[in-house]
Amino acid sequence: MNHPNKEKYMRLQGLIIKEFLQIRRDPSSLGIAFAMPVFLLLLFGYGVSLDAKHVPVGIVLEKISPEARSFSAAFEHSEYFVSIHFANMKLAQQALEARKISAIIRLRSNFNRQLYSHESAPIQVIVDGVDANTARLISGYIQGTWNQWLIQFAAQRGISLTQPIMLEQRIWYNSAVRSRNFLVPGLIAVIMTLIGALLTALVMAREWERGTLEALIATPVSVTEILLGKLIPYYLLGMGGMLLSIAMAVFLFQVPLLGSLWVLLITGTLFMLVALGMGLVISIAAKNQFVAGQIAIIITFLPAFIMSGFIFDIDSMPPAIQSITYLIAARYFVAILQTVFLAGNVWGIIIPNALALLFMALFFFALALRRMPRRLE
Amino acid sequence: MWSRIYALLIKEFLNLLKDKKSRFVLIGPPIFQLFVFGYAATYDLNQVPIAIYNEDTSIASRDLIAKFNGTPTFKEVLRISYHEQIAPALDNKDVLMVVHIGQHFSRDLLLAQHPAKVQILLDGRNSNTAQIALGYAQTVLSDFNIQWAKQHKLSLPPAKLEVRAWFNPNLESRWFIVPGIVGLLTLVVTVIVTALSVAREREQGTFDQLLVTPLSPLEILIGKAIPGLVIGVIESSFIILMAVLWFKVPLVGSLVPLYIGIILFVFAVIGIGLMISSLAVTQQQGLLGAFLFIVPAVILSGYATPIANMPPLVQDLTLINPLRYFLIILRGVFLEGLSVSQLLDQYWPMLLIGILNLGMAGWLFRRRMY
Amino acid sequence: MSHSSAEAIFALELQAVNKQFSSGSRSVNALRSVSLTIDKGAVVGLVGPDGAGKTTLLRLTAGLLLPDTGTITVFGHNCTDQLADVHRLIGYMPQRFGLYEDLSVAENLKLYADLHGVSHSVREQRFQALMSMTGLAAFTERLAGQLSGGMKQKLGLACTLLSQPALLLLDEPSVGVDPVSRRELWSIIEHQVKANDMTVLLSTAYLDEAERCSDVILLDEGHILAHNSPAAFKQSMQGQSYRLSSPSLSNRNLQNKLSGQSDVIDAVIQGDKVRVISANKDLATLPLFNAEFEGIRIEATAPRLEDAFIALLRAQHPLTATQAISPNVKTTTVINDATVIKVEGVDRWFGNFQAVKKLNFSVNRGEIFGLLGANGAGKTTTFRMLCGLLPVSNGQLSVAGVDLSKAAAKARARIGYMSQKFSLYEHLSVLQNLNFFSSAYGLRNAQRKNRIQWALQQFELEAEKNTNSGDLPLGYKQRLAMACALMHEPEILFLDEPTSGVDPLARREFWNRTNQLAASGVTVLVTTHFMEEAEYCDRLLIMREGDILTSGTPAEIKQQVRSVDLPEPTMEDAFIQLVEAKIS
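Residues numbered from 1 in each chain as written. Chains lettered and ligands numbered in written order. Predicted model: local features only at pLDDT ≥ 70, side-chain atom pairs only at ≥ 80, totals over all residues. Heavy atoms only, no water.

## Quick notes on the sheet that holds strand β23 (residues 539-544) of chain C
Residues and elements named next belong to chain C.
1) Next: Reading across the sheet, the 6 strands line up as β20-β21-β22-β17-β23-β24 and stay open at both edges, with mixed pairing between neighbours. The open sheet is flanked by β20 (415-418) and β24 (547-552), the only strands paired with a single partner. In this sheet, adjacent strand axes meet at a mean angle of 15 degrees when their direction is disregarded.
2) Next: Pairing geometry for strand β17 (residues 368-373) and β23, over 5 bridges, is parallel. Looking across to β23, one finds that Phe369 is bridged to Arg539.
3) Next: The sheet contacts of helix α16 (residues 474-486) involve β20 and β21 (492-496), and relative to β20 the element is tilted by about 160 degrees. (Pairing = 2+ DSSP bridges. Helix = DSSP H or I, 4+ residues; strand = E, 2+ residues; numbered from the N terminus. Axes fitted to C-alpha atoms, helices over the stretch in contact; angles between N-to-C directions. Contact = heavy atoms within 4.5 Å.)

What follows is the structure, encoded as structure tokens:
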């Protein structure tokens, strides 16, 4: 009793050991902390891709000619397409409706004649517009293939191809335009939200539900110690999850890591603190695992998924939704993650986003500390 | 038998609807998700910030810039005056794209010896966004080309593409995403309702109380399945209504093929929910089980990313996912107006999955009764 | 230890403490101007009906709640603003013991040692002392969640005792604990009080426990009804306690007739006699004994604390007509010899663990049959097998003449079951619960309506019929649970610890109803940890480690332990001696 600091340290140590023992014994905590990240990474790494390849296209050549053949050969040789020939438009349309093909390219019977006339020969292209995003990518690919064919066609016949402007494209940072390269780093933010907010909210609510908190607050333990006792174990768990995810991203999914690991770890710490703080605040408000779980999923996990810029572009959202995204911590961290992985240590991105995270972390901790009850009421 | 099942149903509905928490689960998250997904989940680009670096001060280059600014896709937020400004603008995500018009642009254009070059620099961190922006830029340029060729009586290229999108002429992502939400939310609500129902009774001890009554396992199973079915159908009807009235997605087809799909889908999903239910002892386990099923089911359904882009093995895996078929039905009926006969290939797998799942759930139920 | 401030005279002092709770539109005065003092070294028992404010008082003292008005001081430290000092002085064990069920015994102890800042130098020695005292030494590696109810409570107590608190606060430490563990809990508490100069404040529903305290506080509806030593309580009842027996009436009938009488405050069955508290000093002179009571034998007996408790509370809460006696009870005793439950060579295995070993017994129609045993003796397993909630591993089991393995549903239509948690649909109202259970049992139309009407009236639930069952007080929940189990007029009623945590008044009411049911021919199977309730049974079966330890009538079982030292053993004496004899 003569060494209050020593006692404080002893209490905190006791709480942390307790938490780790509980994590080890509870399969659902372990599941959320380790199995879920691996599961999500594998699912996203392998299952989710926005890169269309081998798109089945129907080609209808109404009149076979060497020109038409060379045109369809351009599609046959492209790695983007798998071309299927149809005898007439009707059959092709049926195939489109039955989802056997994603687009139809039709050269009418007068294609050859028009090709050598003054008018441009129209090539009819129909894409299945149900999936608008894919449709747009496919029509882009078709355009590119057509363009190449045109240049080749002109060169073979010695025709000067009048093209007033030519586009010269350079895609920076992810020049291979692999969707995995931005999905996997973004997923790290989602996984850390899961460990930080959901797990913390659940375990804290469990203490309320099982009545263990009642016994806990009747001991000399202070509120700060209880909060730290939750924070430190789940911080370590969350950083473990982050390192695991980074390792999987780099070694398994071959995502380039151009920036430094230190920047990731430091900003990851900030983000983890925000997630933990939110988890604590939720559980203090809910005091019940079921409700805490629901709230955590709705206000942390889903927004991290949808409104963080992880998949969907924030700038394209309606202004009202855009302003909501400023309240979502994952937004800042996703920006940092995608940048550090693909563009390197760009301080102009890292610093403002890290500051936003720091501010949010402080806010949630202050809130948790204020709202954490010292008594049962 | 039916009067007992009726009593079970009344009890089940009262228990679900009188409790503030479970009422909230049925109403709160779905509405929230509907709006978040409906508005935030879009691949369409809108008012994307771009920078213009124009080294050529001719009317032609100004025309071109006006074309970029004239589309709703792009919004010029930055005018660059020297080369060193490009990198920071892209690095710091101030702009997604830089349109660079070189100083020889108008000269090349007027001489028409070789094409004038316009350089487009893109932030590829989100490769999907980059590719779509590039597609839009391409369209802007080819429009300009055709216009220029016509104005200056230049010969037109020998062939041109006439691209038309069926079923969704303006390629609006929302038309694709919102019908998908019907499937997504119906899945979530139905699974949660059924997966937690037995666990909740186990925790409260009322399950034992049920088991000592003359109710048979089959009756209890039916008593648990029907509320899921009713709630699933109501939930999807509500979202369909919102999709049509609020999000203005056209409903081209008729309701008959749609509702056959909804009932078969909910039927298949209830089986999964009840399987989770008979295995879970606590509500937390039930929730975790539901989560473990829902996440892959959504990701591997074609909801947000096309199944065709997945590796072949994963594509085969999606065949056992009822949501895969339901999404095709939803989008098919909404946008394409498919009929019952055209959707038979989607109906029977769901029916099969449903029968297998419910059979399994019934078997597990009997075994896990004690 | 120098934890008490110099001027503090009392271990605990409450001055005009008020505490109000509001839930929704209703507000409850949990405590109304309560003032009390507790001396250092006292062991004080807190008793009273459900909702009297016992838990609130303990939580206020532990600093977990703030009083609306008034002050609470622990050894001179104010619970409002000197919370840290108070927490250093107290050890508090909440009703749900606050153990981490996924931590082992040793890990729980270590955690509480850390939290209370018990230094490493004394820790080991205290661990060992507490472990040997609680008999948990062999189980240090076992998870707390896998301990029996009795062991959990002992571990909870050990955790609170680690810091050797000056004031020990225990909230119903013995709920759901068997008599042997209960006795052990008490010897630990008493040893600690002596060895470490501890002050104890504990709440309990067991009045025989309260008798072991140095002081008893009786709370009712937030008021202190009385605060005295047990001896003084008993003294006030001198000459009012009697034991009656009649050659012509069965004890159950005698009790039934007596409890309707105006001068009788209380009548309960105690073995083959009926224990009566008389409102007047001399029972024998009362005019109530008419021809019906021909040949009645009346003997005066020493008053118990429970007598005083009942007398004081009855003055506040007079009996209602239905609680006292039911008009339609059949007075003829229906003990025919038809066997309604037959258990032959029943085994039950859980993996490698045999919970029930070759069990054989039978129960006759109209009997009240008690199933007793220490925590973990296999009672619950047996019970669940009888209700058809658990299949048997081996052996034959017939209930109401139906083989459970073949026609469980048919047997279930003829039994009623009430679990110890009073499992009801919390979000459904009383009426909705009754509606559901009556339909689940296949009642329809007029019959259903009649039974629901009967239940509302018989169990006095009419006024609460639209209240959600989750919002009912415990006593009402118990009544509703019983009503639900009786909707289909079952032949056999299974009651699993039906009175656990219920106060003595509600217990009496419950047993009156059960007696009436038995008298009308319903067979009742009951488990309980209240040994006085075992006396209400016609026959008993005591189990130990899955085996039958002994069986017979209460008198026969008590007879087994009668000796010169113990001429009149209570059921509790008999139970403990029999269980412990088997161990040694």
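## A look at the domain arrangement of chain B
1) Next: The assigned domain composition of chain B is domain 1 (2-41 + 173-367) and domain 2 (48-151).
2) Next: Taking the mean C-alpha position of each, domain 1 of chain B and domain 2 of chain B sit 47 Å from one another. (Domains from an automatic or database assignment.)

## Regarding the interface of chain C and chain B
1) Next: Contacts between the two partners involve 29 residues from chain C, matched on the other side by 24 residues from chain B.
2) Next: Carbon and sulfur atoms supply 60% of the area buried between chain C and chain B, which totals about 2,500 Å² over both sides.
3) Next: Remark: the boundary between chain C and chain B carries 1 salt bridge.
4) Next: Viewed at the interface, chain B and chain C are joined by 11 residue pairs in polar contact (both at pLDDT 80 or more).
5) Next: For the side of chain C that touches chain B, the secondary structure elements donating two or more residues are α13 (408-412), β20 and α14 (430-440) of chain C.
6) Next: Counting residues per element, the side of chain C that touches chain B draws most heavily on α14(C), at 5 residues. (Buried area = accessible area lost by both parts, 1.4 Å probe. Salt bridge = Lys/Arg side-chain N within 4 Å of Asp/Glu carboxyl O. Polar contact = N/O pair within 3.5 Å; in protein donor to acceptor, adjacent residues only side chain to side chain.)

## Overview of the environment of Leu215(B)
1) Next: Relative to the helices and strands, Leu215(B) is located in the loop between α8 (206-211) and α9 (217-245).
2) Next: Between the C-alpha atoms of Leu215(B) and Met1(B), which are 214 residues apart in sequence, the distance is 8.4 Å.
3) Next: In contact with Leu215(B), not counting residues within four places along its chain, are Arg4(B), Leu8(B), Leu210(B), Ile220(B), Arg412(C) and Ala440(C).

## Observations concerning the interface of chain A and chain B
1) Next: Each side of the interface is counted separately: chain A has 98 residues, and chain B has 96 residues.
2) Next: Glu336(B) serves as the salt-bridge partner of Arg99(A), at 2.6 Å between the closest nitrogen and oxygen.
3) Next: Ranked by the residues each element gives to the side of chain A that touches chain B, the list is headed by helix α6 (residues 132-157) of chain A, at 14 residues.
4) Next: Within the side of chain A that touches chain B, the residues separate by chemical class into 58 nonpolar, 26 polar and 14 charged.
5) Next: Bridge count between strand β5 (residues 165-172) of chain A and strand β4 (residues 116-123) of chain B: 8 bridges; the pairing is parallel. Bridging from a neighbouring strand, Ile165(A) pairs with Ala116(B) of β4(B). (Nonpolar A, V, L, I, M, F, W, Y, C, P; charged D, E, K, R; others polar.)

## Notes on unusual backbone geometry
1) Next: Of note in this structure, Gln254(A) is not a glycine but carries a positive phi near 55 degrees.
2) Next: Assignment of secondary structure puts Gln254(A) in the loop between α9 (223-252) and α10 (261-286).
3) Next: Residue Glu221(C) is not a glycine yet carries a positive backbone phi of 50 degrees.
4) Next: When you line up the elements, Glu221(C) lands in the loop between β9 (215-220) and β10 (223-228).
5) Next: The exposure class assigned to Glu221(C) is partly exposed, which follows from its relative accessible area of 42%. (Buried < 20%, exposed > 50% of the residue type's maximum accessible area, 1.4 Å probe, protein only.)

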